[in-house]
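Here is how the chains run, residue by residue.
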Amino acid sequence: MRKLKEFIIEKLIFISGLASIFFVVLIFLFLTKEGLAVFKYASPVDFLTGKSWYPISEPAQLGILPLIFGSLMVTLGAAIISIPIGVACAVYIAEIAPLRIKEVLKAGIELLAAIPSVVLGFIGMVTLVPWVKTVFHLPTGLTALSGSIILAFMAMPTIVSIAEDALYSVPKSYKEGAFALGATHWQTIYRVLLPAASSGIVAAVMLGIGRVIGETMAVMMITGNAAVIPQNILVPVRTLTATIAAEMGEAVVGSEHYFALFAIGIVLFIISFIINVSADLFLHKRH
Amino acid sequence: MFKRLLLVLIGFLFTISVFAAKDDNSIQIKGSDTMVNLGQAWAEKYMEENPEDFVAVTGGGSGTGLSSLISGSCDIAMSSRNIKDKEIALAKQKGINPFEIRIALDGLAVVTSPANPVGKLTLEQLAGIFTGRISNWKEVGGKDERIVILSREVNSGTHVYFKEHVLRNNNTNGKEEFAPSALMLSSSQAIADEVAANPSAIGYYGMGYISSKQKTIAVARDDKAEYVEPSIENVLSGKYPISRPLFLYTNDQPQGLIKKFVDYALSKEGQDIVVKTDFVPVKK
C-alpha cells in the first residue's frame, strides 16, 4: 500500500515536471504552424525589412521593420535607465544598507513588482506623458521615452533582486581579503565584489530586459503606436507586442493579417528565447 | 491545505458549469466599442421589462463581434461597419448566414482642442491631414505647429469607416492610408483625453464621445459647400458629410428571443434610447 502510494505520487510529480516542457513544445508548434503561413503572402525578407505596416489594406503591406525598431528603441531606453539604478540599488541593499532600511527597501521593490502593468500604464498616461511633452517641447508626449521610463520601473525589481542575490553569494573571504589589503569599502565593491558577481549581474540585466521586451499593456497605452522607424527616442513608436495585442481581435482567422501577427509572435519568441538562454549561460558560469 | 485546494477546485468547476450551461433565456451580444454603451442601455431597459430574460453585452470591436458571430459564440454582433465579403464567405463555410439590421446612425465627429483656432475644414483638407499630406496647422489657417494625428487602431470599425469615407472619399479602389506617423490609440476615450490635453492634436470618434473638453470641427463636402457641425439634426437631414449606419448582425432572420430583442431595439422606446446615448435613430 505504501509502495503504491509512493509510486503514484512519484509519477504525478514526474508528469507535472514534464507538463511545462510539453506546453512549451505545443505552443511553439502552434506558433510556427500559424506564423510560417504568412510567407505565402510575403517573403521573409519583405516581412522583416518592409517599412510599411498596413495589414488590412488590399493588398496588405506586412513590413515589421518599424515594429522591430520600435521594440528595440523602447527596450534600449528602458535598459539605459534601469540598469545603473537597478545595479546601484542592489549594491546598496547587499552591502551598505543597515538591516532595517534593507528590509524596507526589499519590501518596496517587491511591491513595485506587484503593480499590474496596466496600472503603471495608466499612471504614465496621465502623469508622465504630459510631463514629457512639456519638458521636451514635443507635439505629443506619447513617445518611446515615456514607454522606456515606465518599463524601467518594471525591469527594476527583477534586476535588483537577482543582482542582489549574486552579490550575496560572493564568498565572504573575498571581501575580507580586500579589506585586509587596505581597500576602502567603495574600492572593495567596485574592484572585488562587482567583478566577482558580474555573471549574476549580467543575468539579472538580461532577465530584466526580457521582461521589458515582452511587456504589452503599458507600452500600448503610452508609446503612441505609430508604425514609423524612430529617428530618436522622442517620437511615437509601435512595438511588436502592442501590435499583436491591438490587432488580434480584428484579424479575420485565416487571413494574411492573422498569420502575420503569429509571425510577429515567432519573432518575439526568438528574441526572448535568445535573451533567456544568454541569461542562463551567464548564471551557470558562476557556479 | 488539501481541504482548501479541494474547495477552490470545486468552486472552479462550479463556475465553469454555470458558464457552460447554455441558458435558453440568455442572449450574448458582442462587437463594436462605439455601440457598447448603446447595447448596454438597451439590455438594461429590456431586462427591466422582461426580468426572465438575460442579455449580456460586451465590446471588443466590430471585427471581434462579427468573428464571434461566425464562430457561434455570440447571438448578435454589433458592428459599426458593413460585414466584409471575406467574413460572409467564412461564415457560410461554418453554416452561419449573417443577417443585417440597420439599427441607428452615427455621425463621426472630428475634434481638436478648444485652444486650437481652426474650427472648420473641408473633406479634402481632412483627407490631406490624416494622410500626412498636410502636416502643419498653418496650411489650414491655424498656428505654425505640427499636426499630431490621432486615429483608432485597425480593429476599430471607426478606423475603417474613416479611411474609406474620408481618406479615400468613398473610392473603393483608393490607395490612401493613414500617415505612418498617425498615433494609433486603443479607445475613443484615449483620443478624447489626448485631444483635450494637446492643442496640436486632431482626432475623430463617434458623436457620443463629444464633450466640452474638445472642440468639434464643422465639415464641408467641398470648399463651396456649407460647413456643418456634427449634430443629430444634421446627421438626420443628411447635411453632415461623415455619418454612418450602425448594424446588428444575427444568424439568419432573427427568431424567438433574439427577434424580441431586435424588435425592442427598433421600437419607439429602443430608438429613444438611441437618442439618449447620442446616436441618431433610424426611425422617427
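Everything quoted here is computed from the prediction, not taken from an experiment. (Residues numbered from 1 in each chain as written. Chains lettered and ligands numbered in written order. Predicted model: local features only at pLDDT ≥ 70, side-chain atom pairs only at ≥ 80, totals over all residues. Heavy atoms only, no water.)

With that settled, consider the interface of chain A and chain B. Taken together, the contact pairs 25 residues of chain A with 34 residues of chain B. The interface formed by chain A and chain B holds 2 salt bridges in total. In this structure, K86 of chain B and E256 of chain A form a salt bridge, with 3.8 Å as the shortest nitrogen-oxygen distance. For the side of chain A that touches chain B, the secondary-structure elements that each account for two or more residues are α11 (240-247) and α12 (256-286) of chain A. For the side of chain A that touches chain B, the residue count by class is 12 nonpolar, 7 polar and 6 charged. (Contact = heavy atoms within 4.5 Å. Salt bridge = Lys/Arg side-chain N within 4 Å of Asp/Glu carboxyl O. Helix = DSSP H or I, 4+ residues; strand = E, 2+ residues; numbered from the N terminus. Nonpolar A, V, L, I, M, F, W, Y, C, P; charged D, E, K, R; others polar.)

Next up on the list: the packing of helix α9 (residues 256-266) of chain B against helix α10 (residues 268-276) of chain B. Residues and elements named next belong to chain B. Taken N-terminus to C-terminus, the directions of α9 and α10 make an angle of 60°; their axes are 4 Å apart at the nearest point. Here α9 is positioned oblique relative to α10, judged by the angle of their axes. Residues Y264, A265 and L266 of α9 pack against K268, E269, G270, Q271 and I273 of α10. (Axes fitted to C-alpha atoms, helices over the stretch in contact; angles between N-to-C directions. Parallel < 35°, antiparallel > 145°, perpendicular 65-115°, else oblique.)

Okay, the packing of aromatic side chains next. Throughout the structure, instances matching the rule amount to 19 aromatic pairs over all chains. Where W186 of chain A meets Y190 of chain A, the ring centres are 5.5 Å apart and the plane angle is 10°; that geometry is what we call stacked. Taken together, the residues span about one helical turn, with W186 of chain A and Y190 of chain A both in helix α8 (residues 185-196) at a distance of 4 residues. Its relative accessible area of 55% is what places W186 of chain A among the exposed residues. Taken together, the ring pairs connect F30, Y41, Y258, F259 and F262 of chain A into an aromatic cluster. One cation-aromatic arrangement involves K11 of chain A over F14 of chain A; the distance from NZ or CZ to the ring centre is 5.7 Å. In this arrangement the basic side chain of R244 of chain B is found over the ring face of Y161 of chain B, its NZ or CZ atom lying 6.0 Å from the centre. (Phe/Tyr/Trp six-rings, centres within 6.5 Å; stacked < 30°, edge-to-face > 60°. Buried < 20%, exposed > 50% of the residue type's maximum accessible area, 1.4 Å probe, protein only. Lys NZ or Arg CZ within 6 Å of the ring centre and 35° of its normal.)

Residue and element names in this part refer to chain B. As paired elements, strand β1 (residues 26-31) and strand β2 (residues 54-58) share 5 bridges and run parallel to each other. Looking across to β2, one finds that S26 is bridged to F54. Handedness of the β1-helix α2 (residues 36-49)-β2 crossover: right-handed. (Pairing = 2+ DSSP bridges. Right-handed = clockwise from strand over helix to strand, strands pointing away.)

All names here are of chain A. Residues other than glycine seldom take positive phi values, yet H137 does so here, at roughly 50°. Secondary-structure assignment places H137 in the loop between α5 (117-135) and α6 (144-168). At N225, a position not held by glycine, the phi torsion is positive, near 60°. Here N225 shows up in the loop between α10 (217-222) and α11.

In this section: the confidence of the model for chain B. Averaged over all residues, the pLDDT of chain B is 86; the fraction at 70 or higher stands at 91%. Confidence metrics for the complex model read pTM 0.76 and ipTM 0.73. (pLDDT = per-residue confidence, 0-100.)

The subject of this paragraph is the nonpolar core. Grouped together as the largest cluster of nonpolar side chains are 49 residues, with contacts concentrated most on I150, L151 and L167 of chain A together with L150, L183 and L185 of chain B. In terms of residue count, α6 of chain A provides more of this core than any other element does, 11 residues in total. What I150 of chain A contacts, discounting residues up to four positions off in sequence, is L120, G124, L128, A218 and I222 of chain A. W137, L167, A179 and I217 of chain B belong to the second largest nonpolar core, which has 31 residues in total. (Core = buried A, V, L, I, M, F, W, Y, C linked by side-chain atoms within 4.5 Å.)

Residue and element names in this part refer to chain B. Direction of pairing for strand β3 (residues 76-79) relative to strand β11 (residues 243-251): antiparallel, over a ladder of 4 bridges. Within β11, the residue paired with A77 across the bridge is Y249. Here strand β4 (residues 98-112) pairs with β11 via 9 bridges, running antiparallel. Each bridged residue has a counterpart across the sheet, and for F99 the counterpart in β11 is T250.

Together, I21, F22, F23, V25, L26, I27 and L29 of chain A make up an exposed nonpolar region whose accessible area comes to about 710 Å². Here F22 of chain A lies in helix α1 (residues 2-36). (Patch = residues over 30% accessible without salt bridge, like charges linked within 9 Å, V, L, I, M, F, W, Y side chains within 5 Å. Areas by Shrake-Rupley, 256 points an atom, 1.4 Å probe, with all protein chains shown as cover.)

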